[in-house]
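# Results of the structural survey
Each chain, letter by letter, is given below.
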Amino acid sequence: MLEATPYDPYNPPDGRVHLSDLPAGRAIVHLKAWTGAAGASAGVTSLAIDGARLKALGPREWLLLSDALGGPALQAAVAAWVRERGIAAVDLSQGIGGLCLAGPGVRDMLSTSCGLDLHSRSFPVGSCTRTRLAQLPVVIDHMGAEPRYELYVGISYLPYLRSWLLDAASGN
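Residues numbered from 1 in each chain as written. Predicted model: local features only at pLDDT ≥ 70, side-chain atom pairs only at ≥ 80, totals over all residues. Heavy atoms only, no water.

## Thoughts on the side chain of K55
One can find K55 in strand β4 (residues 52-58). Assessed through its relative accessible area of 4%, K55 is described here as buried. Of note is the side chain of K55, whose polar atom sits 3.0 Å from the side chain of D141. (Helix = DSSP H or I, 4+ residues; strand = E, 2+ residues; numbered from the N terminus. Buried < 20%, exposed > 50% of the residue type's maximum accessible area, 1.4 Å probe, protein only. Polar contact = N/O pair within 3.5 Å; in protein donor to acceptor, adjacent residues only side chain to side chain.)

## Quick word on unusual backbone geometry
Glycine aside, a negative phi is what most residues show, and trans is what most peptide bonds show. Of note in this structure, A134 is not a glycine but carries a positive phi near 55°. Along the chain, A134 turns up in the loop between β8 (128-133) and β9 (136-144). A relative accessible area of 8% means that A134 is categorised as buried.

## Some thoughts on helix α4 (residues 158-170)
In a regular helix each residue adds 1.5 Å, so 13 residues correspond to 18 Å; α4 covers 18 Å between its end C-alpha atoms and thus fits that length. Turning to α4, its buried residues number three or more, namely L158, L161 and L165. Down the axis of α4, the sector holding all buried residues measures 65°, keeping them to one side. (Expected span 1.5 Å × (residues − 1). Arc of directions from axis to C-beta.)

Given below as structure tokens:
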């Protein structure tokens, strides 16, 4: 099953804020402190916090996602926190589109389309990374054992990626 997050300029998508220049392994601990949650291990690459999810894209780069807050509200919610730590926070809500892929054949389809080993031993639920898929830079987030994956890509590439995935799913 393939679902595209619709892009509507009059109804902005859920919040997507890019955070950069974070100390490696400490961003989740800092964000948990900001939200009042308990400490976390440094090896965690994704985490759900009060409706917001922090996804590791690299050692000093993260994507903060929220289903409850739009981009400007999410950025405003973390503005003081990031400013105190010298972290850049950029609202990408209007620039990143999302796709949800779920079902028994999804892992195999994605595995043939990118260089990642998406088996649950190598890429367990909660894992997130940036890779190339269909020759595009894509963030892949493993959301469920179903399996279920969320893909994030530049909004201008979303129609191409959706079409490419539909063709791949149909065997064309």
